[in-house]
Amino acid sequence: MARTLLFNKPYGVLSQFTDKGSADSPRATLSDHVEVAGVYPAGRLDRDSEGLMVLTDDGRLQARIANPKHKMPKTYWVQVEGLPDDAALEALRRGVSLKDGPTRPAHVVRIDSPPALWDRDPPIRVRQSVPDCWLEITISEGRNRQVRRMTAHVGHPTLRLIRARIGHWHLGGLRPGQWRDA
């Protein structure tokens, strides 16, 4: 029987079980938090991003989640610099042209600070003269640093990015570094 885990990846953790980094600068990996043999990440999440990862020993499920051809929706809570106007939000909804081509349309809404949000260590940079806000962005592809590049493209760099949902799986009450069986 296949095993599938949901994991809340903390900021600064690599989305892999091993790291060949230098001895004088070890980096945290999934193995620092998940001691379950035989499961592997279904997709990636940048070191400076947080939130939901699905780990599984089912190769077909892993491919269905990670491969963009399956168009599995992924929802992110994104704290951006500035206050995006309707035109910026509409551009994200239509899809924007990045260096590696146009993105698929995204579902984008302004939200209040996400419920039960944990503190990030280290905290994001705060500028007194520049406001920030939260967006909920759902995409159905997963290019390298795509959400960050999309928000920067419309003039609102990402300050904090948390993946809240992959398909029907969601963070629920998982705290950073915690996991549970799906």
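Scroll up to find the structure.
Residues numbered from 1 in each chain as written. Predicted model: local features only at pLDDT ≥ 70, side-chain atom pairs only at ≥ 80, totals over all residues. Heavy atoms only, no water.

Caption draft 1: Highlighting unusual backbone geometry. P122 follows D121 through a cis peptide bond whose omega is 5°. In this model, A116 sits at a positive phi of 55°, which is unusual for a non-glycine residue. Along the chain, A116 falls in the loop between β7 (107–111) and β8 (132–139). Given the relative accessible area of 63%, A116 is considered exposed. (Helix = DSSP H or I, 4+ residues; strand = E, 2+ residues; numbered from the N terminus. Buried < 20%, exposed > 50% of the residue type's maximum accessible area, 1.4 Å probe, protein only.)

Caption draft 2: Seen up close, the pattern of salt bridges. This model, assessed by the stated rule, comprises 13 salt bridges. The closest approach of N and O atoms between R3 and D181, which form a salt bridge, is 2.7 Å. Highlighted residues: R3 in the segment before β1 (4–9) and D181 in strand β11 (residues 179–181), separated in sequence by 178 residues. You can call D181 partly exposed: its relative accessible area is 42%. Residues D48 and R148 are paired through a salt bridge, measuring 3.7 Å at the closest nitrogen-oxygen approach. (Salt bridge = Lys/Arg side-chain N within 4 Å of Asp/Glu carboxyl O.)

Caption draft 3: Local environment of the nonpolar core. Among the nonpolar cores identified, the biggest contains 30 residues, and L55, L135 and I137 are the most heavily contacted of them. Those elements that place two or more of their residues in this core are β1, β3 (50–56), β4 (74–81), α2 (86–94), β8 and α3 (146–153). Beyond its immediate chain neighbours, meaning those up to four positions away, I137 contacts K74, T75, Y76, V78, A106, H107, V108, V147 and T151. Formed by 16 residues, the second largest nonpolar core is a distinct cluster that contains L61, M72, W134 and L171. (Core = buried A, V, L, I, M, F, W, Y, C linked by side-chain atoms within 4.5 Å. Contact = heavy atoms within 4.5 Å.)

Caption draft 4: Local environment of the packing of aromatic side chains. Enumeration according to the criterion identifies zero aromatic pairs in this entry. Above the ring of Y11, the side-chain terminus of R120 is found at 3.9 Å from the ring centroid. (Phe/Tyr/Trp six-rings, centres within 6.5 Å; stacked < 30°, edge-to-face > 60°. Lys NZ or Arg CZ within 6 Å of the ring centre and 35° of its normal.)

Caption draft 5: Seen up close, the side chain of S140. Structurally, S140 can be placed in the loop between β8 and α3. On the basis of relative accessibility, which here comes to 18%, the residue S140 falls in the buried class. In contact with S140, other than residues within four places in its own chain, are P68, K71, M72, P73 and R104.

Caption draft 6: The side chain of S49, seen in detail. Within the secondary structure layout, S49 lies in the loop between β2 (40–41) and β3. Among residues more than four places away in sequence, those in contact with S49 are K9, P10, Y11, R148 and L161.

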